Structure formats: C-alpha cells, structure tokens
Amino acid sequence: YGGMGLDFSYSIAVAEELGNIRCAGVPMAIGVQAGMATPALTRFGSHELKKQFLVPTIAGDFVACLGISEAGAGSDVANIKTTAVRKGDEYVINGGKMWITSGSQADWMCLLANTSEGPPHRNKSLICLPMNLPGIHVAKKIDKLGMRSSDTAQIFFEDVRVPCKNLIGEEGKGFTYQMLQFQEERLWGVATALTSLETIIQETIEYTRQRKVFGQPVLHNQTVHFRLAELATEVELLRSLLHRAVAFYIEGNDVTKLASMAKLKAGRLTREVTDSCLQFWGGMGFTSEVLVSRFYRDLRLISIGGGTDETMLSIICKYMEILPRK
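Rules used in this analysis
Residues numbered from 1 in each chain as written. Predicted model: local features only at pLDDT ≥ 70, side-chain atom pairs only at ≥ 80, totals over all residues. Heavy atoms only, no water. Helix = DSSP H or I, 4+ residues; strand = E, 2+ residues; numbered from the N terminus. Rg over C-alpha atoms; globule rule 2.2 N^0.38 Å. Buried < 20%, exposed > 50% of the residue type's maximum accessible area, 1.4 Å probe, protein only. Contact = heavy atoms within 4.5 Å. Lys, Arg positive; Asp, Glu negative; His and termini not counted. Charge placed at Lys NZ, Arg CZ, Asp CG, Glu CD. Pairing = 2+ DSSP bridges. UniProt positions renumbered as here; feature names shortened; annotations may be inferred. Salt bridge = Lys/Arg side-chain N within 4 Å of Asp/Glu carboxyl O. Polar contact = N/O pair within 3.5 Å; in protein donor to acceptor, adjacent residues only side chain to side chain. 1 Å grid on protein atoms, 1.4 Å probe; cavity = no way out; pocket = protein on both sides within 12 Å on 5 of 7 lines; lining within 4 Å. Points joined across faces, edges and corners; volume = space filled by probe spheres on them. Nonpolar A, V, L, I, M, F, W, Y, C, P; charged D, E, K, R; others polar. Domains from an automatic or database assignment.

## Notes on the overall build of the chain
Here is step 1 of the chain: Looking only at helices and strands, one finds nine helices and ten strands in the chain.
Here is step 2 of the chain: Its C-alpha atoms give the chain a radius of gyration of 21 Å, within 12% of the compact-globule value 20 Å for 326 residues.
Here is step 3 of the chain: Considering only C-alpha atoms, the chain reaches an extent of 80 × 40 × 40 Å along its principal axes.
Here is step 4 of the chain: Expressed as a percentage of the 326 residues in the chain, the buried residues total 50%.
Here is step 5 of the chain: At a minimum sequence separation of 6, the contacts of the chain that also span at least 24 residues come to 75%.
Here is step 6 of the chain: Charge-centre separation for the chain: the mean point of 35 positive side chains lies 3 Å from the mean point of 34 negative side chains.

## Observations concerning the pairing of strand S3 (residues 90-101)
Here is step 1 of the chain: One ladder, built from five bridges, connects strand S2 (residues 83-87) with S3; its direction is antiparallel. What sits directly across from lysine 87, in S3, is glutamate 90.
Here is step 2 of the chain: Taken together, the nine bridges between S3 and strand S7 (residues 152-163) define a ladder with antiparallel strand orientation. Residue pairing in the sheet places glutamate 90 in a bridge with proline 163 of S7.

## With respect to the UniProt feature "domain: Acyl-CoA dehydrogenase/oxidase N-terminal" (unreviewed entry) in the chain
Here is step 1 of the chain: In this structure's numbering, the residues bearing the UniProt feature "domain: Acyl-CoA dehydrogenase/oxidase N-terminal" (unreviewed entry) are residues 1-61.
Here is step 2 of the chain: From the first C-alpha to the last, residues 1-61 spans 13 Å; its make-up is 69% helix and 0% strand.

## Re unusual backbone geometry
Here is step 1 of the chain: In the Ramachandran plot, serine 102 falls in the positive-phi region, its phi being about 70° despite a non-glycine side chain.
Here is step 2 of the chain: A positive phi angle is found at methionine 147, which is not glycine, with a value near 50°.
Here is step 3 of the chain: The exposure class assigned to methionine 147 is buried, which follows from its relative accessible area of 8%.

## With respect to the UniProt feature "domain: Acyl-CoA oxidase/dehydrogenase middle" (unreviewed entry) in the chain
Here is step 1 of the chain: Per the UniProt record, "domain: Acyl-CoA oxidase/dehydrogenase middle" (unreviewed entry) is found at residues 65-160.
Here is step 2 of the chain: Helix makes up 0% of residues 65-160 and strand 51%, whereas the separation of the span's terminal C-alpha atoms amounts to 17 Å.

## Some details on the side chain of lysine 124
Here is step 1 of the chain: In this structure, lysine 124 sits in strand S5 (residues 124-130).
Here is step 2 of the chain: Here lysine 124 sits buried without a salt bridge, and the closest side chain of opposite charge, aspartate 76, lies 8.1 Å off (N-O distance).
Here is step 3 of the chain: Of note is the side chain of lysine 124, whose polar atom sits 2.9 Å from the side chain of asparagine 123.
Here is step 4 of the chain: Setting aside residues no more than four positions away along its own chain, lysine 124 makes contact with Val77, Ala78, Ile80, Leu112, Ala113, Asn114, Thr115, Gly172, Lys173, Gly174 and Phe175.

## Looking at the pattern of salt bridges
Here is step 1 of the chain: Using the criterion set out here, one finds 15 salt bridges in the structure.
Here is step 2 of the chain: As a salt-bridge pair, glutamate 198 and arginine 239 come within 3.0 Å of each other at their nearest N and O atoms. Placement of glutamate 198 in helix H5 (residues 174-210) and of arginine 239 in helix H6 (residues 222-250) is noted, with a sequence separation of 41 residues between them.
Here is step 3 of the chain: You can call arginine 239 buried: its relative accessible area is 14%.
Here is step 4 of the chain: Note that glutamate 230 is salt-bridged to arginine 227, the shortest N-O span being 3.4 Å. Residue glutamate 230 and its partner arginine 227 are both found in helix H6; the two are separated by three residues, about one turn of the helix.
Here is step 5 of the chain: Accessibility expressed as a relative area gives 45% for glutamate 230, which makes it partly exposed.

## Topic: empty space enclosed by the protein
Here is step 1 of the chain: A complete count under the given rule lists one cavity of 30 Å³ or more for this structure.
Here is step 2 of the chain: Here the largest cavity defines a volume of roughly 30 Å³.
Here is step 3 of the chain: Forming the walls of the largest cavity are Pro39, Ala40, Arg43, Phe44, Tyr177, Leu180 and Gln181.
Here is step 4 of the chain: Contributions of two or more residues to the lining of the largest cavity are made by helix H3 (39-44) and H5.
Here is step 5 of the chain: When residues in the lining of the largest cavity are grouped by element, the largest group, four residues, is from H3.
Here is step 6 of the chain: When grouped by side-chain class, the residues that make up the lining of the largest cavity number five nonpolar, one polar and one charged.
Here is step 7 of the chain: For the lining of the largest cavity, the two domains that each supply at least three residues are domain 1 (37-170) and domain 2 (176-320).

Laid out in structure tokens, this is it:
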C-alpha cells in the first residue's frame, strides 16, 4: 500500500530522530499520520478501504486525524457518546469530538463511535470518515498552552452519512482496535520525547557553564551538576524501557503494561526535566526566547494526551492484578 514493509522498530527510530525538531507539535502531527490514525486500518481494514484511505495517507496526499476524545470523555474512552446508527447501507453519525490533532485540515478521520446499545466495551466501531461530507462542522481551532504549531480542533457531526463499507474490521470491535492503536501511539510519544529531553539537558549544561552567579559558573555548583547527571540517567532508563517494549511488540506480544509504564514515566520525566532545567536558566528560562520554555509547555501534554498518568496507573494496576476483582 505504499509503505516500506518495515517493522515497528523503524517507526520508533524515526520518532526518536523527529525529537530533534525544536518543537513538539510537528512530531506529534507526523505521529498521528503515521502511527495513531492508521494502525487499525492497516491491520483490520478491507483492501478497498486501504486503497481509498491508507495509500494516499502514506503518500502524504491525505491528512489523517484520530477521532476518539470528546468533551465529556477524554481518557475514559468507554464513555464516548457519538453514535453511528446503521440505516440501510449507511451509518448516520451524530455527536462531536474534541482535541482532535490535525482536525482543521484532515481529509479523513479514524472515528470511534457507538454502533449499538450494548456494553460499552463491545458496542463501538472504528469508521473511516471523509471530512468533506455534509453535516461535519469544524467548530474552532483550539488555542493551547503548548503545541501551538499544532492544529487541534473541536468537531461536530449532524446526521453525517457514511457508507457501511467504511467500517474498519468488525462492528463492535472498535474499542479493542483502539486499545491496540493506543500502544503504538504511546510508544511513539515516548520516543519523540527522549531526544527532546537530551537536547534540553545539553543546552542547560552549556548555558549554566557560561552563566556566572556569585563569581563562578552556575554549573560548578554541585546541586546543579549532580541534578543534571540524575536527569540524564533517568532519560537513559526510559530509553531502555521503551526499547524493551518495542522488542516485545514486534515479536507479537501484548505490551499494554510496558507501554503504559513507559508513557507514565515519560509524562512525569518530561515535567521533571523541563521544570528542573528551566529553574537553572533563571529569568531567561521564563522568556519565550529559549527552547526550555517551549518544551516546558509542549511536553506537558504527554501526561494528558493519549491517556492521562492516572489512566496509565490504572492499566498497570490491572495487569499487575493488584486491584480488588469485581
């Protein structure tokens, strides 16, 4: 379908390199295109759907977006309210999606919607939704704390009709398919953060070596250089966890627990690194002129997007079987 036929480890290698971009919004947009809106289509979609949506997406002719979150259901995917009711050979879609990356410019959406009245984990389906259909309203491009170069939209659906053949895989399997997509999304997010964190630490070393306070470089204070050494060590530990999870994944294993652990650690570590390093920059760190202040804002999303820290903890607890069974 136009791809190179490589395994997922190559996507992670690309993601790590994209971390060299001096903002997080661009790698995130590429990630949505390459590893967040398309894995379920690749794995479960029909040949016809792949020709219609996957081929132009891989070629870069189509922009894809992922329609999961809603105003009342972010990390709580099971609680989404958007419906796709089957009428003849079409689904009629009503509802809305929130915080949709690339939503203002997308050509199609990988949409998660309720297609029946059954249990919340078995009543959802993924649908390839062209974004030029009547009844689709892009309400606004959202103004955000960080990722300001990223197009993030709020979208509403009013009696949107889409052919039933646009269903990805089986009806009612959408929640399961999306949980699988989340694993690649979360690992991609960790990978893009790694290089950014290394860059922040290195630039902080260089700045504190030059900046003098009380007659000596800031870096020469033990508190500073010990802290930077600790943070660099934490980044390397996160990289090891990521690569272990990816190695398991390409062997066909369920890496939900490891991916959730990596995502949790990445979210917390990005906050720790950016906050600590910004402090060492002093007043300059509080300006918009330096990279550390941008990443302080941009990388804050890792603890929220793609599943909050609290959601990751719940998943980890489930897989460790340390919660009381219902």
